[in-house]
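Structural overview
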Amino acid sequence: MAEAAAREAERIEITVDGTPVAAWTGQTVMEAALAAGIEIPRLCYDGRIEPRASCRLCIVTVEGERGFHTACTLPVAAGMSVTTDSDELKQARRLTLELILSDHNAYCLPPCQNGCPDKLDIPGYVGAVARGDSREAVRIIKQRLPFPRVLGRVCPRPCENVCRRGNHDAPVSICTIKRFAGDDAAAAGYDEPPFPQAEPSGKRVAVGGAGPAGLTCAYYLALKGHQVTVLEALPEPGGMLRYAIPEYRLPTRVLEEELEQLWDLGVELETGVAMGRDFDIDGLLERGYDAVFLGLGAHGDHQMMIPGEELEGVVSSVDFLRRVRAGEKVDVGKRVVVVGGGFTAVDAARTAIRLGAEEATIVYRRSRAEMPAHESEVEEAETEGVSLQLLAIPERIEGIDGRATGLCCLQAELVASEEGRRPRPVAIEGTEFCLPADTIVVAIGQKPKLYHEEGGKRRLFLPEKDGVRTTRWGTIEVDPQTLQTARPQVFAGGDVVSGAATVIEAVAAGRRAADNIDAYLAGDDVVAAARKFTPAEPVYLDIKQEPLVETPRQPMPMLCPEKCCNDFTEVELGYSPEAARREAARCMQCICEAEQNCDLRRLAIEYGLTENRFQGRMRPVPRLDDTNPVIHRDYRKCIACGACEAICDELVAARAVSLAGGGMDTYVTCAYGRGLEETDCVFCGQCVSACPTGALDNRMSMKQRPLPLRGRPEEVQEVDTVCCYCGVGCSLTLHVYQGRVIEVSSQNPYAVNEGSLCVKGRYGFDFIHHPDRLKQPLVRRDGELVPVSWEEALEEVGANLERIRDEHGGRAVGALASGRCTNEDNYLLQKLMRSVIGSNSVDHCARL
Amino acid sequence: MTNSIADLVTADVVLLMGSNTTTAHPVIAMRLNQALAAGMKLIVIDPRATTFARRADIHLALNPGTDVALLKAMMRVIVEEGLEDSSFIEMRTEGYEELRRSLEELSIGQAAAITGIAEEDIRAAARLFAGSGRSAIVYCLGVTQHAHGTDNVRSIANLAMITGSIGLPGTGVNPLRGANNVQGCCDMGGLYNLLPGYKSVEDGEARERFAAAWGGEIDPRPGLSVTEMIEAAGTGELKAMYIMGENPMLSDPDAAHVKSGLENLDFLVVQDIFLTETAALADVVLPGATFAEKNGTFTNTERRVQRVHKAVEPPGEARPDWRIVRDVANAMGADWQYQSPKDVMNEVRQLVPQYGGIRYARLEKGGIQWPCPAESHPGTAILHQEEFICGRGKLAAVDFIPADELPDDEYPFIFNAGRDLMHFHTGSMTRRSRSLDQLVPGPLVDINPADAAKLGIEDGTRITVTSRRGSITAAARLTDSTPRGSVFLPFHYAEAAANLLTNTARDPICKIPELKVCAVRVEKA
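Worth saying up front: this structure is predicted, and the values here are computed from it rather than measured. (Residues numbered from 1 in each chain as written. Chains lettered and ligands numbered in written order. Predicted model: local features only at pLDDT ≥ 70, side-chain atom pairs only at ≥ 80, totals over all residues.)

In this section: the interface of chain B and chain A. Contacts between the two partners involve 124 residues from chain B and, on the opposite side, 106 residues from chain A. By residue class, the composition of the side of chain B that touches chain A is 70 nonpolar, 34 polar and 20 charged. Where strand β34 (residues 813-816) of chain A meets strand β9 (residues 240-244) of chain B, four bridges bridge the pair, whose relative direction is parallel. Residue pairing across strands places A:Gly814 opposite B:Met241, the latter belonging to β9(B). (Contact = placed C-beta atoms within 7 Å. Nonpolar A, V, L, I, M, F, W, Y, C, P; charged D, E, K, R; others polar. Pairing = 2+ DSSP bridges. Helix = DSSP H or I, 4+ residues; strand = E, 2+ residues; numbered from the N terminus.)

What follows is the structure in structure tokens.
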């Protein structure tokens, strides 16, 4: 028998990836490698059960032998030389993973979160709003984005485009929910950071540019304990948020209130200082900054390159909006034409209306559906009197006496482009028409401007000697993962790297840069850190089609149109608390609970499988079974590795789990398709602990696990301790979140229980936080137990025990120690009895 | 346990006695399942057809309380057939002749009649146990909770010694402790007659050593055991009790008697995490901390001292228990300066030789099995490898004594109290854990379908079970696992407290009461 053989095992040596590894005869290569701390990729392997070799990810090659061997079943032999990592093995494993993933019908990340450039935990904060907890919602948002009130007003909301609720009725109004959470929490006076500010690191960082990228970077660097100075060329901080987005969309007051938190964290600001004019990279480093972040934005205008563009009355949207925001008196005349289809174009047109224009027309090359501005913005503009001239290609600008008088265009038609690109507008000959205009605003996009113009000469911000390289598009060159420039101390992000993009992309870049700069300042490997912070996410097929009750999206309350267009009062009013909760409750919470501990996801990320070429097959499996109080089963995530079946048979001997289907359609369920309760299941959760994916999960922990937990495993502390039930002394790992035990597992590699637990150990822990817990000492007064202070209670106990000891002798006192208390507790109790009271009458019930 | 949990599965045969392992120690059951699949043989001695009884090679379903007769008969077979380990007996034990003679007093036929087990089955079990290489004995409360529990354990020790089944891997006498730190509580002197480290209070030298360390004097007379304290409370001899983390109202025999005893005290202080049935009777209730809220150590059934790490804060003003006890001592004029459990363990290390090398920093990698006399000592996985602590192992002649209270015409059933898988002890923790409570929301009385049919009881029928001391009502569960003539009820449930029925008759030596056998009558409610 195996145990007898184990008693006679001999020590031998094998070689794994060139390293000598000690092994026992009878061991497998997997066992020997793991014991030596060498990891071999695996899904179905679990040291507690007989190896199954079903996932085939643990393949290795053996010197002098052909083909692959599965390490979990390959016995060691003296002198054997094993390779666990090679291009050939990687390729084979990659293919295996792709096949496994081809019908693993589940998301890793919810589509909204995946669609967000900043990967915000959207189901997390939407769920918090649905519970009425704006403070928690804001805390979740601020983990990745410091300005929920700003983004809640101006974000282009890419998340909503992919919201799965949109397949049923309408996408969840995610952005407005974010705005509500921010405004609601601010109104209640909550402005705490998402996690406590770290102790001062002694490091200093200079941030060039006080736009969304720079300010976000400054915020997270300050939270991590670094001293940050932001340098800004314009008089006030905010960048495009302050100078390009109109007041009616983003009130200055809101921006300034959200910026307060930076100054509270000790971020310093110098305005009126420009890169290349007042400071340069070398100068900053000489001034003692340890690192620099450049978030210089995109302040150059694209031009239409058509005749007449130089005429008076033709203005760039950025100049136009900046002058209005800066309070300059701007006369636009009666008729304004805006060229472009983005947010800026819509902003310019609506601003023109507010400046007294009688007509404002947006001219756009494609059709309405292709407009980059958000649908709601376009609708609001139309309500305010803005008209659209679609499918129009500007051809020339007419003018008299050097002043523009109109824009002439050709009608266009859309021609399909290559896949994935927007259709291309093509001018139709002979269709010219002209729009009369006093002012023509060109809003066709911006680009970074990395130079000053001085007397017609360009002076570069980043001369070659600075060592920061730029691209041929005039952007700063960075490593796309680390955001580090060619000069290691200098990082860059936002529009100056990407070209003009969205606020949320700039914020995401600022936050990622802060993480990476922090790693850089700590002397860590920046590439490794960046990979940890932003793993490439696998995206898989969705087959969930729960029947839903159609619930309309809550409309955004608006300032009535009669009032709105005379001044710059904010137009969108935001949700009431009731509307916010109703809207948040529409969220389908498309999350995978196993996200953080799914081995399949971890390997998919490691092997860079962000898309799946075999995707598309659907296995005919039942949806899920969430009827059991402790074990949640989601068959779509099952990869049929069989580990659960094996552990149930071999360790628990309950045979509650069995394979169903067959061939490619195999999945794991209960024998004869029954419910778990109808089998011999003892609810120990061993199957859950063996499952490499989210197919099996702890239902109670799922409920206990507050939604915001997802994506931030670092917020959960894991504490190894010993179980409070029977005498086996299993090692428990308590997962603690915000002072509460939310889950129990067994992670300690030295544990007497080797990772196994029973139903009580794994699921019997919510007594810890039960409302019945005694929280105050009680003393009986007039027959009733009433709460008292500790002083009073101890005094009462001390006085009574002393009285009885003195009157009747120590032997009149007895004590019960406890088989559930610690050694230290018990030692002191018997010492109290024997040395202070003078009685040997101490015993305990549990030994019975 | 003389041996270790990991070591158990290296046995060639395991004798499992009075242990419903899948219910009370499920993680050990998992190990045994793996070993069974790999070819280990299993003998189960239990009146109930437990899960392991069904998986066993031999199941001896003895009449409750007849363990000594059965073990004696098995030993007689072993000696008669020459299966004993003569060299072990000669080198390591004393008293063999006396034991052998005592075995002759009971024939196999007589034993078969007493135990209700066929002679052939007794012989087969004896041969399997003694003739199969390494043999380990594992037992639990089904062996100890009897008025003759000490005799049962001595008989087990006799069987282990005459077959040489001790001191080697895959052997041993291995009790499974019922609660997380019963072992440690005993180690620390939570016993009426033993000081920390199992030194008798009657041992003058030991008393002096402890008194010197603690100050004051230690009473040389043993104190009262739990059941004696309850009695003495009833008579007024005991005036005050300090109960920490125990709920005798549900865990001790004859609950009505426990209640009147506790109510008769002049002063009762209870320290617990919930207002238990016992705490509700107290004059002062002190809010303690759960295992998740304190630091310290637990010692498991294989003597492994393991570190308990605080994970969360206690609620409200609740405090760790060591701190409360310290403060009570100081309120009585002591000057205890312990600042942490570590300070306490450092004192234990000085006074308890088995714990001499137990330093907190050493416990992070899976703990240490005592005896561990010094910091350089790795701990002890298997006891009695070279010799017994007292030198030679004492083989003791033991006489069979029937249970204290046996069925009669008025109370025709044997009542057996035990445990459910989903709940623990008096249920104060598990019944407040939602999922466990959902899985098993309340008590069920197990009764054999044949008995049930005679009484007109069906699955789910409310039945009343009455003993000379009290009566409970609960729904019946018809199951073959309970033999005819007996009923079984877990003691976790206050609404049908098994200990309202049980007998306070106790073992004369260790004072453990007979919770496993008493006489009851069963009726439809």
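Structure's up, so let's keep going.
The subject of this paragraph is the domain arrangement of chain A. Along its sequence, chain A is carved into domain 1 (2-85), domain 2 (111-193 + 543-584), domain 3 (204-299 + 449-533), domain 4 (302-443), domain 5 (618-769) and domain 6 (778-843). Relative placement of domain 4 of chain A and domain 6 of chain A: their C-alpha centres are 86 Å apart. (Domains from an automatic or database assignment.)

Further remarks concern the packing of helix α28 (residues 823-837) of chain A against helix α18 (residues 341-351) of chain B. Between α28(A) and α18(B), whose axes approach to 9 Å, the crossing angle comes to 65°. Compared by their axis directions, α28(A) and α18(B) come out roughly perpendicular. Between α28(A) and α18(B) lies a crossing of left-handed hand. Residues A:Asn823, A:Glu824, A:Tyr827 and A:Leu828 of α28(A) pack against B:Pro341, B:Val344, B:Met345 and B:Val348 of α18(B). In the contact of α28(A) with α18(B), the residues fall into six nonpolar, one polar and one charged. (Axes fitted to C-alpha atoms, helices over the stretch in contact; angles between N-to-C directions. Parallel < 35°, antiparallel > 145°, perpendicular 65-115°, else oblique. Left-handed = near helix turned anticlockwise from the far one by under 90°.)

This paragraph deals with the sheet that holds strand β4 (residues 69-70) of chain A. For sheets, the rule is that strands pair by backbone hydrogen bonds, running either parallel or antiparallel. Residues and elements named next belong to chain A. If you trace the five strands from one edge of the open sheet to the other, you get β2-β1-β5-β3-β4, paired in mixed fashion. The sheet terminates laterally at β2 (19-24) and β4, the two strands that pair on one side only. In this structure, strand β1 (residues 11-16) lies alongside strand β5 (residues 81-83), joined through two bridges in parallel fashion. The partner of Thr15 across the bridge, within β5, is Ser81.

Moving on to the domain arrangement of chain B. Along its sequence, chain B is carved into domain 1 (5-176), domain 2 (178-223 + 295-377), domain 3 (224-287) and domain 4 (413-524). The straight-line distance from the C-alpha centre of domain 1 of chain B to that of domain 3 of chain B is 37 Å.

On to helix α11 (residues 149-162) of chain B. Residue and element names in this part refer to chain B. Compared with the 20 Å implied by 1.5 Å per residue over 14 residues, the 20 Å span of α11 between its first and last C-alpha is a close match. Counting buried residues in α11 gives 12 out of 14 residues, a clear majority hidden from the surface. Turning to α11, its buried residues number three or more, namely Gly149, Asp151, Asn152, Val153, Ser155, Ile156, Ala157, Asn158, Leu159, Ala160, Met161 and Ile162. Phi turns positive, to about 65°, at Gly164, one or two residues after α11. (Expected span 1.5 Å × (residues − 1). Buried ≥ 20, exposed ≤ 12 C-beta atoms within 10 Å, placed from the backbone.)

With that out of the way, let us pick up the environment of A:Ser689. Residue and element names in this part refer to chain A. Within the secondary structure, Ser689 sits in helix α24 (residues 686-690). Spatially, the C-alpha atom of Ser689 lies 45 Å from that of Val228, the residues being 461 residues apart in sequence. For Ser689, the contacting residues outside a window of four places in its chain are Ser745 and Gly755.

Looking now at the confidence of the model for chain A. Regions with low pLDDT carry predicted coordinates that are not meant to be interpreted in detail. All names here are of chain A. Summing up the model confidence of chain A, the mean pLDDT is 88 and the portion of residues at 70 or higher is 93%. Of all helices and strands in chain A, the one with the weakest mean pLDDT is helix α1 (residues 2-7) (48), whereas helix α10 (residues 212-223) scores best (97). In this model, residues 1-5 is a region of pLDDT below 50 whose contacts with residues beyond four sequence positions or in other chains number eight contacts. (pLDDT = per-residue confidence, 0-100.)

Attention shifts here to the sheet that holds strand β20 (residues 486-490) of chain B. All names here are of chain B. Ordered in space as β16-β20-β17-β19-β18-β21, the six strands form a closed barrel in which the pairing is mixed. Taking the axes of each pair of neighbouring strands and ignoring which way they run, one obtains an average angle of 45° across the sheet. Two strands pair when backbone bridges link them, and strand β18 (residues 462-466) and strand β19 (residues 471-478) are joined in this way by five bridges, in the antiparallel orientation. Bridging across to β19, Arg462 finds its partner in Ala475.

What follows is about the packing of helix α5 (residues 122-130) of chain A against helix α9 (residues 174-187) of chain A. Residue and element names in this part refer to chain A. Contact geometry of α5 with α9 gives a least axis separation of 10 Å together with a crossing angle of 60°. By the angle between their directions, the pair α5 and α9 is classed as oblique. Seen along the crossing, α5 lies across α9 with a hand that is left-handed. Here Ile122, Tyr125, Val126 and Val129 of α5 come into contact with α9, specifically with Ile174, Ile177, Lys178, Phe180 and Ala181.

This prediction gives chain B a mean pLDDT of 93; 100% of its residues lie at or above 70. Scoring of the predicted complex yields 0.79 for pTM and 0.95 for ipTM.

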